[in-house]
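Architecture at a glance
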Amino acid sequence: MDTYDLGGKTYSFSRYPKTTNRSLRAWSAADEYLIDHIFEGEQLKPDANIGIVNDRFGFLSCLLNRFEPTVILERKSQERSILQNLEANQVDPGKIHFMHPLDQPPQKFDRVVLNTPKSMDLFELYLHQVHTHLKDDGVVFCGFMTKYFTPQMLSIAETYFEHVKQSLARKKSRVLVLKGRKPSVNKPLVHRLDYDFDGTNNQKLQQHYGVFSSDHIDYATQFLISQLKVRDSEDHILDMACGNGVIAKAIQLQKPEAEIYLTDDSYLAIESARLNIEGPGIHYYWNDRLDEIPDRSIDLAVSNPPFHFGHETNIEVTIRLFREVSEKLKPAGRFVCVANQHLNYKTHLEKLFKVNVLAQNDKFIVYECGCEGK
């Protein structure tokens, strides 16, 4: 747990999910710079309506709690982390108002602090929402580490604001200051993708900006779909880290009567999956865990599990999900997942399952895992 002092008060923060990497903190220098910017210049009124975007671990939410801010949540793990750190700092969670990236806030914002995400699609979706719900004299502060700067940040910001100013660097971070809302930008922030599932079945898919693999179906996912054959006995099927739901859609096309459970940490992913797959046997769970799935209830689990979290490469979350999957499978159930060749998933999977290589090419490998005989 790390501490931070502001105005004579010491705050303590820890990361959720936990990590064994001691170099990773629950905030960055960009977060600190954002806090300084929001208090600079004219005095903020006590009743100022503050919006907080992409606050991964709750640093901004805790330090700005006296304004009773509105926090835009994209990930369930983000919500858990914020609540964990509010409790650690004895902040009443009732002071924080949560909403999702596709929601409309109860009132317009005076100020918004935004921790700039890695995905520029997600950055645009956030700015589109903030622009729509910002007062005419409102100001948006976008913090980022200088090593992650891209000119696309400026071009996106200039789509929505007249004045885009970049701060001086401090502790290898900068802040974009956005003022002067431009007229409403009428842009549907949804990607439309065509995908041919078996050479004869072309489907039109959609996904919200900010969801993984924005302009095409990820190649690892395509490889998994090409190797996936649902068995007659597999009636209860879990798509873990479902993204836009394309794997679940492939399963539904093979077995329309199956009960399919889609889970993802990303709210925008779940909402995208709703656009692509529906039916009485389809169930959605916005969750970074599998605790809503009964133990020993799944015949087949499938996944292209994540290993990038923002700018971090981290397989600890993936390994935790492997453990959870092992508890959800029926005794004769199986788990099929795809991975990049360079990731050492087999070592971790073999601690939980009997593992076979179902298919591989020069980039990807598909594992078939079972609990029987383990």
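Residues numbered from 1 in each chain as written. Predicted model: local features only at pLDDT ≥ 70, side-chain atom pairs only at ≥ 80, totals over all residues. Heavy atoms only, no water.

For helix H9 (residues 316-328), which comprises 13 residues, the first-to-last C-alpha distance of 19 Å matches the rise-based estimate of 18 Å (1.5 Å per residue) to within 8%. Of all 13 residues in H9, 10 are buried, a share of seventy percent or more. Regarding H9, the residues found buried are Val-317, Thr-318, Ile-319, Arg-320, Leu-321, Phe-322, Glu-324, Val-325, Ser-326 and Lys-328. (Helix = DSSP H or I, 4+ residues; strand = E, 2+ residues; numbered from the N terminus. Expected span 1.5 Å × (residues − 1). Buried < 20%, exposed > 50% of the residue type's maximum accessible area, 1.4 Å probe, protein only.)

On to the pattern of salt bridges, then. Tallying each qualifying case throughout the model produces 21 salt bridges. Residue Arg-231 is joined to Glu-368 by a salt bridge in which the shortest nitrogen-to-oxygen separation is 3.4 Å. In this pair, Arg-231 sits in the loop between helix H6 (219-227) and strand S12 (236-240) while Glu-368 sits in strand S20 (residues 364-370), placing the two residues 137 residues apart along the sequence. According to the relative accessible area criterion, Arg-231 is partly exposed, its value standing at 42%. For Glu-368, a relative accessible area of 16% puts it in the buried group. The salt bridge involving Asp-295 is made with Lys-328; its shortest N-O contact spans 2.7 Å. Of the two residues, Asp-295 sits in the loop between strand S14 (282-286) and strand S15 (298-303) while Lys-328 sits in helix H9, which places them 33 residues apart along the sequence. Residue Asp-295 is classed as partly exposed on the basis of its relative accessible area of 48%. (Salt bridge = Lys/Arg side-chain N within 4 Å of Asp/Glu carboxyl O.)

Attention now goes to the sheet that holds strand S19 (residues 354-360). Strand order across the open sheet formed by seven strands is S14-S13-S12-S15-S18-S20-S19, with mixed pairing between neighbours. Strands with a single pairing partner mark the edges of an open sheet, and in this sheet they are S14 and S19. Ignoring strand direction, the axes of neighbouring strands in this sheet form an average angle of 20°. Bridge analysis of S15 against strand S18 (residues 329-340) gives five bridges, and the strand direction is parallel. Paired with Val-302 across the bridge in S18 is Val-336. Against the sheet, H6 touches S15, S18, S19 and S20, its axis set at about 50° to S20. Helix H8 (residues 267-276) contacts strand S13 (259-264) and S14 of the sheet and is inclined by roughly 165° relative to S14. (Pairing = 2+ DSSP bridges. Axes fitted to C-alpha atoms, helices over the stretch in contact; angles between N-to-C directions. Contact = heavy atoms within 4.5 Å.)

What follows deals with the packing of aromatic side chains. If you walk through the whole model with that rule in mind, you get 13 aromatic pairs. Seen in terms of ring centroids, Tyr-4 and Phe-59 are 5.0 Å apart; in terms of plane orientation they differ by 70°. Their pairing is edge-to-face. Note that Tyr-4 is positioned in strand S1 (residues 2-6) and Phe-59 in helix H2 (residues 59-63), a separation of 55 residues in sequence. According to the relative accessible area criterion, Phe-59 is buried, its value standing at 0%. On the basis of an interplanar angle of 90° and a centroid distance of 5.3 Å, the ring pair of Phe-322 and Tyr-345 is categorised as edge-to-face. (Phe/Tyr/Trp six-rings, centres within 6.5 Å; stacked < 30°, edge-to-face > 60°.)

What follows deals with the environment of His-133. In this fold, His-133 is placed in the loop between helix H4 (120-132) and strand S7 (134-145). When the C-alpha positions of His-133 and Gln-107 are compared, they lie 7.5 Å apart, and in sequence the two are 26 residues distant.

Let us look at the packing of H6 against helix H7 (residues 246-254). Remark: H6 packs on H7, axes separated minimally by 10 Å, with the N-to-C direction vectors making an angle of 15°. Here H7 runs roughly parallel to H6, going by the angle between their axes. When you trace H6 past H7, the crossing you get is right-handed. Counting all contacts with H6, which are made through Thr-221, Leu-224 and Ile-225, the residues of H7 involved are Val-246, Ile-247 and Ala-250. For the contact of H6 with H7, the residue count by class is five nonpolar, one polar and no charged. (Parallel < 35°, antiparallel > 145°, perpendicular 65-115°, else oblique. Left-handed = near helix turned anticlockwise from the far one by under 90°. Nonpolar A, V, L, I, M, F, W, Y, C, P; charged D, E, K, R; others polar.)

With that settled, the discussion passes to the nonpolar core. By size, the foremost hydrophobic cluster in this structure holds 34 residues, and its most contacted members are Val-246, Ile-247, Ile-251 and Leu-262. Here this core takes five residues from H7, the largest share from any one element. With sequence-adjacent residues up to four places away left out, Val-246 is seen in contact with Tyr-195, Phe-197, Leu-205, Ile-217, Thr-221 and Ile-225. (Core = buried A, V, L, I, M, F, W, Y, C linked by side-chain atoms within 4.5 Å.)

On the secondary structure map, Leu-64 appears in the loop between H2 and strand S4 (70-72). Along the chain, Leu-64 and Ile-52 lie 12 residues apart, while their C-alpha atoms are 9.1 Å from each other. Excluding its chain neighbours within four sequence positions, the residues that come into contact with Leu-64 are Ile-35, Ile-38, Phe-39, Ile-50, Ile-52, Pro-69 and Val-113.

To continue, consider the pairing of S1. Here S1 pairs with strand S2 (residues 9-13) via five bridges, running antiparallel. Bridge pairing links Leu-6 to Lys-9 in S2. Remark: two residues form the turn of the hairpin made by S1 and S2, two consecutive strands paired antiparallel; Gly-7 in that turn has positive phi of roughly 60°.

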